[in-house]
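Chains, contacts and geometry: an overview
Each chain, letter by letter, is given below.
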Amino acid sequence: MTAAKMIQDASPITVPEGASAMTIHVDWNPGDPGTPPHRHSGPAFGYVIEGAVRFELEGEPERVVEAGGTFWEPGGDVIHYQDGNALADARTRFVVTMLCAPGKPMLELVDEEELAKRVHLRAPRPTA
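Let us look at the structure shown here. All chains use their own residue numbering, which begins from 1 and follows the written sequence. Predicted model: local features are reported for residues with pLDDT of at least 70 only, side-chain atom pairs are reported and counted for 80 or more only, and whole-chain, interface and lining totals are derived from all residues. Calculation of side-chain values draws on the structure's entire complement of heavy atoms; hydrogens and water are dropped beforehand.

**A word on a nonpolar patch on the surface**
A surface patch of nonpolar side chains, about 240 Å² in accessible area, is lined by Ile7, Tyr47 and Ile49. Here a strand is any run of E in DSSP of at least two residues, a helix any run of H or I of at least four, and the numbering for each starts at the N terminus. In this fold, tyrosine 47 is placed in strand S3 (residues 44–50). Patch definition: residues above 30% relative accessible area lacking any salt bridge, with like charges linked at up to 9 Å and the nonpolar side chains Val, Leu, Ile, Met, Phe, Trp and Tyr linked at up to 5 Å. Values of accessible area rely on a 1.4 Å probe in the Shrake-Rupley scheme; residue burial ignores everything except the protein chains shown. Note on definitions: salt bridges are taken to be side-chain nitrogens of Lys or Arg within 4 Å of carboxyl oxygens of Asp or Glu.

Structural data, given as structure tokens:
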């Protein structure tokens, strides 16, 4: 009998030397847009408990991660464009563990000037 079930296998990962870890629980109201474009100094690993997360990393197409699903991002220079609630009529809750390089913030917002310079690295946007 096995009590453990693997739900995410991420590679390759780079953990900053001397990193610290933080696990947070996020609870969004229906339609919450989430955090503006940002990056983390180290990798982040998430699990959606309820609802659905709209998730988009630089170089990858936008996707929706539903309850029971996982996501991860490598951290470092990669921009995390979207992480909002994909549902207009229900809450979304998830847990994320982030590894942080010493002396750096856990989350750094990306300004419009940098987004414009890196627009060529963003995956094509879905058409409605």
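**A word on the pattern of salt bridges**
The full count for this structure, using the stated rule, is 10 salt bridges. Linking arginine 91 and aspartate 27 is a salt bridge whose minimum nitrogen-to-oxygen distance equals 2.8 Å. Of the two residues, arginine 91 is situated in the loop between strand S7 (80–82) and strand S8 (92–100) and aspartate 27 in strand S1 (residues 20–28); the sequence distance between them amounts to 64 residues. The cut-offs for exposure are 20% and 50% of the maximum accessible area for each residue type, with area from a 1.4 Å probe on protein chains only; residues under the lower value are buried, those over the upper are exposed, and the others partly exposed. The class for aspartate 27 is partly exposed, based on a relative accessible area of 37%. It is possible to trace a salt-bridge network through shared partners that takes in Arg39, Glu58, Asp77, Glu114 and Arg118.

By themselves, these figures tell us nothing about what the structure is for.
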